[in-house]
Amino acid sequence: MKKIAYVGCRTTKVRNASGKGLKVYSIDSDGDWNEVQIISDLINPSYQCFDKNRDFLYSVHGDINAVSSFKIEKSTGKLSHLNTVDSGGKNPVFITVDKKNQYIYVATLQGGAVSVLKRNADGSLTNPIFKSVFPGKTKENISHPHQCIWDKSGNYLIVPAQGRNDGFSQVNVFKSNDDGSLNIVNCCMAEIGDDPRHAVFHDNNRYLYVVNEKGNSAAFYLFDENNGNLMNKQKISTLPKDYEGEGQASAVVIHPNNKFLYVSNRIHDSIAAFEIGEFGYLKCNGHTDCMGKTPRFMTFSPDGNQLLVANEDSHTIKIFHVDYKTGNLSFSGKTIETESPVCVVFL
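Residues numbered from 1 in each chain as written. Predicted model: local features only at pLDDT ≥ 70, side-chain atom pairs only at ≥ 80, totals over all residues. Heavy atoms only, no water.

J.: Teacher, can you tell me more about the overall build of the protein here?
T.: Within the protein one finds zero helices and 29 strands. Its C-alpha atoms give the protein a radius of gyration of 19 Å, within 12% of the compact-globule value 20 Å for 347 residues. Expressed along its principal axes, the backbone C-alpha trace of the protein runs to roughly 45 × 45 × 40 Å. Counting only residues that meet the buried cut, the protein has 58% of its 347 residues in that class. (Helix = DSSP H or I, 4+ residues; strand = E, 2+ residues; numbered from the N terminus. Rg over C-alpha atoms; globule rule 2.2 N^0.38 Å. Buried < 20%, exposed > 50% of the residue type's maximum accessible area, 1.4 Å probe, protein only.)

This is the structure in structure tokens:
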């Protein structure tokens, strides 16, 4: 079967978006992307994940209160809608499945919570069965979780939450229970104004890297999988030293060889490359023009040879070659033209 890619996007005028819906692409042996399906009656299908068996795709709907489930036709990659349910809070921004393939976890930014939805036998979803709310000092009296990712053991859920300049910027660690519920076991406070956004684990499950959106920095934490404890070890800028303008750090990814970390910078419109040292500390290796506007999302191709950058406001996915030895990026010459892209996942 050819490689299949699913591209989520923004669709609403409020987002200044021109996305047409959730797109399905077939990628041939030459690396050419061919659109095979678009599900156009969706509002902001902006982040996706698979179940553990990759039989189903799940998508959040940004800015509203909804999550959808889809069955995947394995021969073509095409999607069939199963159901749409309550996300448990406004503006779901991230979605993931637990290691037992029983529950879906959703971070809702303006909802100030992580919600738990149960997977039915047919792949569809229930409404939320559990919700963990993040208190804060904003006018809504909440902090704003922007992601929920599992550690490599699948026992702990890591949730970066933003204080939005009023404090309670934090990186939270939850332990999951058999019924899908969560118990908080650790909360590591970030500096006011940092606003932790996304995180990624090294394969050793000891190094956790968090990108701070407003702080324009990458933070290195030591993680203890025996008790869920976090210890902040380093914070390093994602912007060039001689740059005096504004920025908004966005995506963070770690290369499959675990030697290099990359962070996308919106406004500055660049990709910061870091070398991961022997003890986990980061060293900046420079910046690459993302060749577009607002690089909200990044991911690697399944073989790790390419880095894909979704430039939301220039309506392109730019594909860069990755040098395995140096971590340097070079433009491949390949551009995918697609409206307001904010997520890419590969089947």
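J.: Help me out: how do you make sense of the environment of Gly333 in this one?
T.: Looking at where Gly333 falls in the secondary structure, it is placed in strand E28 (residues 329-337). Given a relative accessible area of 56%, Gly333 falls into the exposed group. The spatial distance from the C-alpha of Gly333 to the C-alpha of Pro302 is 19 Å, given a sequence separation of 31 residues.

J.: Just to check I follow, could you spell out the sheet that holds strand E3 (residues 33-39) for this structure?
T.: Within a beta sheet, neighbouring strands are joined by backbone hydrogen bonds and run either parallel or antiparallel to one another. Read from one edge to the other, the open sheet built from four strands follows the order E3-E2-E1-E29, with strand pairing classed as antiparallel. One side of each edge strand has no neighbouring strand; the edge strands of this open sheet are E3 and strand E29 (341-346). Taking the axes of each pair of neighbouring strands and ignoring which way they run, one obtains an average angle of 25 degrees across the sheet. As paired elements, strand E1 (residues 3-9) and strand E2 (residues 22-27) share five bridges and run antiparallel to each other. Paired with Lys3 across the bridge in E2 is Ile27. (Pairing = 2+ DSSP bridges. Axes fitted to C-alpha atoms, helices over the stretch in contact; angles between N-to-C directions.)

J.: Whenever I open this one, the pairing of strand E7 (residues 79-86) confuses me. Can you help?
T.: Successive residues of a regular strand alternate their side chains across the two faces of the sheet. Bridging between strand E6 (residues 66-72) and E7 involves seven bridges; their strand directions are antiparallel. In the sheet register, Ile72 faces E7, and the bridge partner there is Leu79. Between E6 and E7, which pair antiparallel in sequence order, lie six residues; one of them, Gly77, sits at a positive phi of approximately 85 degrees.

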